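In case you want the letters, here they are:
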Amino acid sequence: MLQRTIPILILAASGALLIIAYFSPFTTSWGEVVVDWFNVLAAVAYVLGAGNLLAVNLEKVSARRAGWAYALLTLLSFGAMLAFGLFKIGAVPNADNPNVHFAGSYESTQSAFGWVYEYILSPLTATMFALLAFYVASAAFRAFRAKNLEAILLLGTAFIILLAQTAAGMFLTGWIPEASMFAFLRLDWMKVAITEHIQTAGMRAITIGIALGIAATSLRLILGIDKSYLSKN
Amino acid sequence: MNNQTMQTFGGVRGFLARMGSIDRRWIFLAVALSIGVPILLQLRPPEVPGPMARATFEAIEAIPSGSRVLLSFDYDPASEGELQPMANALVHHCASRGHKLVFMALWPLGKQLADTTIKDVLLEFHPGYVYGTDYAQLGFKTGNEGVIKIMTTAIPQQYPSDAAGTPLASLPLVASIKRLEDFKLIGTISAGYPGAKEWVQYADGANPDAFTLVAGSTGVQVSQLLPYYPKQIEGLLVAVKGAAEYEMLVTSKYPVDHDQSRFEEGRRRMGPQLVAHLLVIALIVLGNISMIAGRGLKGGAR
Amino acid sequence: MSTSKPARTGDYRLLWTSLLVFGLVGLSLNAFGRKAGMANRFVEIESMERIEVADVSTVVAGSSRTAIPEITEWVDPKDPRIAAGAVKPIPGVAPITWQVRSLVSAKDAAATDEARANGDASAPEIVRSPIDSIGVWVAAFLTLGIFSFLYRDNPWYKIAESVLIGVSAAYWMTNAFWSTLVPNLFGKLVPDIVREIAIPKLLPSESPNADFALAVVPLILGFMLIWRLAPRGGWISVWPIAFIIGTTAGLKLVSAVEADLVAQAVATMKPLVVLAQSSESATTAANTINFWGTVGSVVGLIGVMTVLVYFFFSLEHKGAVGKTARVGVWFLMITFGSAFGLTVMGRITLLAQRFEFLFNDWLNIG
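Keep in mind that what you see is a predicted model, and the values were worked out from it rather than measured.

Thresholds applied
- Residues numbered from 1 in each chain as written.
- Chains lettered and ligands numbered in written order.
- Predicted model: local features only at pLDDT ≥ 70, side-chain atom pairs only at ≥ 80, totals over all residues.
- Heavy atoms only, no water.
- Helix = DSSP H or I, 4+ residues; strand = E, 2+ residues; numbered from the N terminus.
- Rg over C-alpha atoms; globule rule 2.2 N^0.38 Å.
- Buried < 20%, exposed > 50% of the residue type's maximum accessible area, 1.4 Å probe, protein only.
- Contact = heavy atoms within 4.5 Å.
- Lys, Arg positive; Asp, Glu negative; His and termini not counted.
- Charge placed at Lys NZ, Arg CZ, Asp CG, Glu CD.
- Buried area = accessible area lost by both parts, 1.4 Å probe.
- Salt bridge = Lys/Arg side-chain N within 4 Å of Asp/Glu carboxyl O.
- Polar contact = N/O pair within 3.5 Å; in protein donor to acceptor, adjacent residues only side chain to side chain.
- Nonpolar A, V, L, I, M, F, W, Y, C, P; charged D, E, K, R; others polar.
- Pairing = 2+ DSSP bridges.
- Right-handed = clockwise from strand over helix to strand, strands pointing away.
- Domains from an automatic or database assignment.
- Patch = residues over 30% accessible without salt bridge, like charges linked within 9 Å, V, L, I, M, F, W, Y side chains within 5 Å.
- Areas by Shrake-Rupley, 256 points an atom, 1.4 Å probe, with all protein chains shown as cover.
- Axes fitted to C-alpha atoms, helices over the stretch in contact; angles between N-to-C directions.
- Core = buried A, V, L, I, M, F, W, Y, C linked by side-chain atoms within 4.5 Å.
- pLDDT = per-residue confidence, 0-100.
- Phe/Tyr/Trp six-rings, centres within 6.5 Å; stacked < 30°, edge-to-face > 60°.

**Some details on the overall build of chain C**
- Counting its secondary structure elements, chain C contains 10 helices and 5 strands.
- Rg of the C-alpha trace for chain C: 33 Å, well past the compact-globule value of 21 Å for 366 residues, more than 25% over.
- Considered along the principal axes of its C-alpha atoms, chain C spans approximately 100 × 75 × 70 Å.
- Expressed as a percentage of its 366 residues, the buried residues of chain C come to 40%.
- Taking the intrachain contacts of chain C between residues at least 6 apart in sequence as the baseline, contacts between residues at least 24 apart amount to 56%.
- Mean positive and mean negative side-chain charge positions of chain C (29 and 28 charges, respectively) differ by 13 Å.

**As for the overall build of chain A**
- Along the backbone of chain A there are 8 helices and 0 strands.
- In chain A, the order of α-helices and β-strands from amino to carboxyl end is α-α-α-α-α-α-α-α.
- Relative to the 2.2 N^0.38 estimate, which gives 17 Å for 233 residues, the radius of gyration of chain A is 27 Å and therefore markedly larger than a compact globule would have.
- Expressed along its principal axes, the backbone C-alpha trace of chain A runs to roughly 70 × 50 × 50 Å.
- Looking at chain A as a whole, 52% of its 233 residues are labelled buried.

**Section: the interface of chain B and chain A**
- At the junction of the two partners, chain B supplies 61 residues and chain A supplies 50 residues.
- When the buried surface of chain B facing chain A is broken down by residue, Q112, P227 and I284 of chain B rank first, second and third, together holding 12% of it.
- The partner of E107 of chain A in a salt bridge is K111 of chain B, with the nearest N and O atoms 2.6 Å apart.
- Here chain B and chain A share 14 residue pairs in polar contact (both at pLDDT 80 or more) between them.
- Looking at which element gives the most residues to the side of chain B that touches chain A, the answer is helix 14 (residues 270–295) of chain B, with 14 residues.
- Tallied by class, residues from the side of chain B that touches chain A come to 36 nonpolar, 14 polar and 11 charged.

**A look at the interface of chain A and chain C**
- Between chain A and chain C, the residue contacts involve 114 residues of the former and 126 residues of the latter.
- Buried area between chain A and chain C, both sides added, is near 11,100 Å², and the carbon and sulfur share of it is 79%.
- When the buried area of chain A at its contact with chain C is split by residue, W37, L41 and Y119 of chain A rank highest and sum to 6% of it.
- Counting across the interface, chain A meets chain C through 4 salt bridges.
- Ionic pairing is found between E118 of chain A and R41 of chain C, a salt bridge with its closest N-O pair at 3.8 Å.
- In this assembly, chain A and chain C are joined by 21 residue pairs in polar contact (both at pLDDT 80 or more).

**Remarks on the pairing of strand 3 (residues 135–140) of chain B**
Residue and element names in this part refer to chain B.
- In terms of burial, strand 3 is a largely internal element, 6 of the 6 residues being buried.
- Both strand 2 (residues 100–105) and strand 3 contribute to a ladder of 5 bridges, which runs parallel. Residue pairing across strands places F103 opposite Q137, the latter belonging to strand 3.
- Handedness of the strand 2-helix 6 (residues 110–125)-strand 3 crossover: right-handed.

**Observations concerning the pattern of salt bridges**
- By the definition in use, this model includes 32 salt bridges over all chains.
- Between E47 of chain B and K241 of chain B there is a salt bridge whose closest N-O contact spans 2.9 Å. Of this pair, E47 of chain B sits in the loop between helix 3 (24–41) and helix 4 (51–62) while K241 of chain B sits in helix 12 (residues 239–253), and the two are 194 residues apart along the sequence.
- For K241 of chain B, a relative accessible area of 7% translates into the label buried.
- Within the structure, one salt-bridge network assembled from shared partners comprises K119, D120, R262, E265, R268 and R269 of chain B together with E356 of chain C.

**Focus: the domain arrangement of chain A**
- Looking at chain A, the domain boundaries give domain 1 (1–86), domain 2 (89–130) and domain 3 (134–232).
- Domain 2 of chain A and domain 3 of chain A are separated by 39 Å when their C-alpha centres are compared.

**A short note on unusual backbone geometry**
All names here are of chain B.
- In this structure, P194 follows Y193 across a cis peptide bond, with omega equal to -10 degrees.
- Looking at the element boundaries, P194 is found in the loop between strand 4 (185–190) and helix 10 (196–204).
- Between Y229 and P230 the backbone carries a cis peptide bond, its omega angle lying at 0 degrees.
- One non-glycine residue, N144, adopts positive backbone phi at about 50 degrees.

**Details of a nonpolar patch on the surface**
- A cluster of nonpolar side chains, namely M181, F182, F184 and L185 of chain A together with F291 and W292 of chain C, defines an oily patch on the protein surface of about 650 Å² accessible area.
- Its place among the elements puts L185 of chain A in the loop between helix 7 (167–173) and helix 8 (187–222).

**Some words on helix 7 (residues 145–153) of chain B**
- Counting buried positions over the 9 residues of helix 7 of chain B gives 7, a clear majority of the element.
- Here helix 7 of chain B has its buried residues at E145, G146, V147, I148, I150, M151 and T152 of chain B.
- Against helix 2 (28–62) of chain A, strand 1 (68–74), strand 2, helix 8 (155–158) and helix 10 of chain B together with helix 8 (238–268) of chain C lie the buried residues of helix 7 of chain B.

**Structural notes on the sheet that holds strand 2 of chain B**
Residues and elements named next belong to chain B.
- Spatially, 3-2-1-4-5-6 is the arrangement adopted by the 6 strands of the open sheet, whose pairing is parallel. Edge positions in the sheet fall to strand 3 and strand 6 (235–238), since each of these pairs with one other strand and no more. The average angle at which neighbouring strand axes cross in this sheet is 15 degrees, direction not considered.
- Across the sheet, helix 12 lies against strand 5 (212–217) and strand 6, angled at about 115 degrees from strand 6, the strand it touches most.

**Quick word on the nonpolar core**
- If you look at the biggest cluster of nonpolar residues, it comprises 206 residues, and the most contacted ones within it are F73, F103, L180, W199 and L236 of chain B.
- Here the element with the most residues in this core is helix 10 (residues 319–362) of chain C; it accounts for 16 residues.
- F73 of chain B has contacts with A87, V91, F103, M104, A105, L106, W107, G110, L113, A114, T117 and I189 of chain B, leaving out every residue within four places of it along the chain.
- Of all hydrophobic cores here, the second largest spans 12 residues; its members include I19, L221 and Y229 of chain A together with A249 of chain C.

**Remarks on the confidence of the model for chain C**
- Across chain C, the average pLDDT comes to 86, with 90% of residues at 70 or higher.
- Below a pLDDT of 50 lies the segment residues 1–7 of chain C, which in the model reaches 5 contacts outside its immediate sequence neighbourhood of four places, other chains included.

**Focus on the packing of aromatic side chains**
Residues and elements named next belong to chain B.
- Tallied over the entire structure, the rule returns 29 aromatic pairs over all chains.
- Seen in terms of ring centroids, F73 and F103 are 5.8 Å apart; in terms of plane orientation they differ by 50 degrees. Their pairing is tilted. In this pair, F73 is assigned in strand 1 and F103 in strand 2, connecting sequence segments 30 residues apart.
- The exposure class of F73 is buried, given its relative accessible area of 0%.

**Quick notes on the side chain of E245 of chain B**
Residues and elements named next belong to chain B.
- By secondary structure assignment, the location of E245 is in helix 12.
- According to the relative accessible area criterion, E245 is buried, its value standing at 5%.
- Beyond its immediate stretch of four places on either side in the chain, E245 contacts V48, P49, G50 and A53.

Below, the structure written as structure tokens:
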């Protein structure tokens with residue numbers, strides 16, 4: 001009962017309510033309440049995520065498993081940043097209420113939290129993703145082999161887009177007059193044709209397919225046909 | 001590839017075949033050089049604005065001067081390189097048209113990027129903008145698409161106060177706003193989920209004609225957004241190329257008298273882009289040459 | 001790439017040592033040998049002062065409190081209302097002073113220095129900020145640490161990675177707390193406390209009891225969700241999870257059908273023959289066909305249809321269906337090729353931005 005029936009009812013009720021809320025203006029405010037709870041729970045989910053991280057790393061450190069020193073570093077960074085943020089250490093007072101410490105802002109580099117954001121979090125996040133540039137290039141060298149028609153289409157398109165997205169496109173084909181009948185040989189013309197017609201068509205079909213999938217999955221969940229989420233524990 | 005096969009592969013063909021199994025760190029080095037050298041040489045190739053950047057520019061020109069505009073910063077520093085130039089140009093463009101700007105963020109780090117943009121662009125180039133009457137910062141809220149969903153009907157419920165804790169009711173600009181329809185234009189600068197797609201699905205889906213939606217997107221995410229252009233998303237800026245083109249359109253109509261480099265970030269990054277793209281093309285060609293060369297050889301490259 | 005060539009490490013030791021030495025010497029020369037230096041950061045200092053005042057009629061002579069404590073406010077001592085006699089400082093309340101330090105560009109710093117040298121006393125106070133310069137060094141150290149992974153996995157990278165994980169989890173949690181939990185949850189549950197310690201301007205609710213009652217639900221669900229971390233009673237967290245899944249399903253069902261299914265089908269079903277649009281007059285051009293526009297529409301329709309056929313797995317891909325699906329695959333290949341090109345563009349830009357940071361902000365050679 002507590003473990004199966006009630007969760008199924010909660011799921012069905014919240015899902016159905018939002019669908020009803022959409023169709024009737026009288027129930028819009030119910031939908032707002034439900035989504036409001038959802039948004040607050042999303043904030044709690046961040047706390048849960050942090051808790052999970054703590055649990056995993058604490059276990060690693062206490063068991064002295066391989067790489068425990070790094071886990072300790074993660075814990076220390078987490079603890080320090082959390083303290084900086086929750087206590088708003090070094091926060092700039094709010095000009096309208098300088099007497100209330102927690103009304104201050106912790107976002108400039110003057111406060112500890114803002115400093116860590118600016119000089120640790122921001123550069124690390126940016127560099128992590130920048131690293132992928134190297135792997136994309138390496139993959140282009142190793143994996144992009146023109147073995148059959150499909151691969152050639154993929155390669156050819158990538159070529160056109162890569163050229164047309166830079167000044168190289170204009171340099172190579174920019175001399176072909178835009179008004180002439182050969183304008184379709186211009187790389188910028190080809191790029192627009194590919195992205196706005198072919199790629200859009202391909203993505204449109206994918207989007208329709210995904211939408212059908214989402215609609216079906218959502219219905220299965222709300223109607224209680226799909227109960228896989230119950231067995232995760 | 002072992003030493004014996006290496007010895008069997010003589011001549012140019014053997015060299016080409018062996019090239020396929022080169023240590024990838026040489027490729028990494030080539031990438032680093034292809035990006036680092038153009039930056040140091042300040043290579044700045046010319047750009048020509050394309051149709052999508054023009055559509056975005058026109059969308060912002062089309063709404064009456066002084067309109068209320070909502071700008072959502074749905075990205076983090078990981079995409080700053082691509083999206084910050086768009087954000088800068090977008091804010092400058094809106095402010096030059098006299099639009100009233102309301103900032104918000106669906107990504108936690110987006111709020112701070114919006115703050116930076118307010119400081120570096122809005123207040124730097126449009127010092128007349130007054131907080132509360134000309135612009136406001138609502139900040140970040142958790143809930144992803146849930147935030148947009150509530151905002152379609154009840155903004156004050158989602159945002160009882162602005163980011164600094166001032167009630168919306170005491171800020172003239174936002175005191176009367178109740179729902180997204182109260183904005184003439186919504187701009188999202190988006191790096192993924194939640195972002196432009198969710199704005200289309202939850203905001204535009206509910207009121208397709210109530211406001212104009214424009215989006216600045218990363219190159220990675222843009223494929224997902226193409227089906228929505230130009231019906232659901234009226235203007236779409238694609239990656240740094242879109243940013244560079246839009247910067248050109250904005251600064252040619254609304255030039256600034258100092259610190260022009262703020263609106264040249266996108267164009268500046270097209271230099272390394274050019275060289276790196278040529279490198280990737282060369283790598284694809286070399287990879288294929290190597291494959292073809294190795295085909296006839298015993299145990300050749302894959 | 002583990003330990004396949006241990007014998008060769010020795011060969012490289014000299015190379016790496018000399019690279020390190022050259023690097024350090026170069027850095028020191030760059031940092032101390034050049035007048036411009038490196039990793040410079042400047043801040044503009046603004047001194048703030050606020051005093052607590054109240055409407056002149058409410059200030060009780062000789063008392064440190066006002067008759068109506070709620071309506072005091074903190075204002076600039078130069079506030080014109082004080083001189084005009086409309087508000088009066090509350091006796092016995094000390095003024096609060098602090099400094100706001102905001103980052104400015106090196107160019108602004110130089111311009112201000114010049115203005116001050118020329119005797120312009122109104123120029124803002126801009127100073128070098130060592131704590132921010134240290135920050136640039138830290139950022140550069142961590143940036144290079146991540147890049148070092150390209151050579152091979154190593155402790156430098158692992159340090160940077162571990163710090164990133166810890167810091168970002170705390171960042172998200174802190175932001176969720178201050179931006180959502182405090183105003184949207186605690187602000188309804190305990191508005192007086194929130195007003196006292198965090199959001200002084202929080203408006204009183206029109207229906208405090210209803211707000212309280214509605215906020216209790218996510219509070220309870222939130223506790224149940226956190227219960228997941230407890231060793232026992234895992235089923236407790238299934239309730240909030242069911243709520244989250246249900247809400248997501250309800251939201252997504254409507255939006256997917258509306259924005260993705262219906263709107264996309266409508267966008268596909270458009271006139272195939274596109275007429276040319278003349279800039280001079282719409283009527284004269286009404287009969288000319290825009291050739292490429294028409295081709296584009298036809299190609300677009302074929303693309304959507306064939307790719308959908310390819311996705312239609314319940315039909316066996318044989319005969320006509322198989323051929324159509326094959327065309328669909330071609331469309332998909334072109335789609336992915338284009339997506340790859342755009343992805344390359346995105347990644348390169350991010351890398352360029354990091355290089356700009358290293359060259360300009362850190363090394364100061366841009």
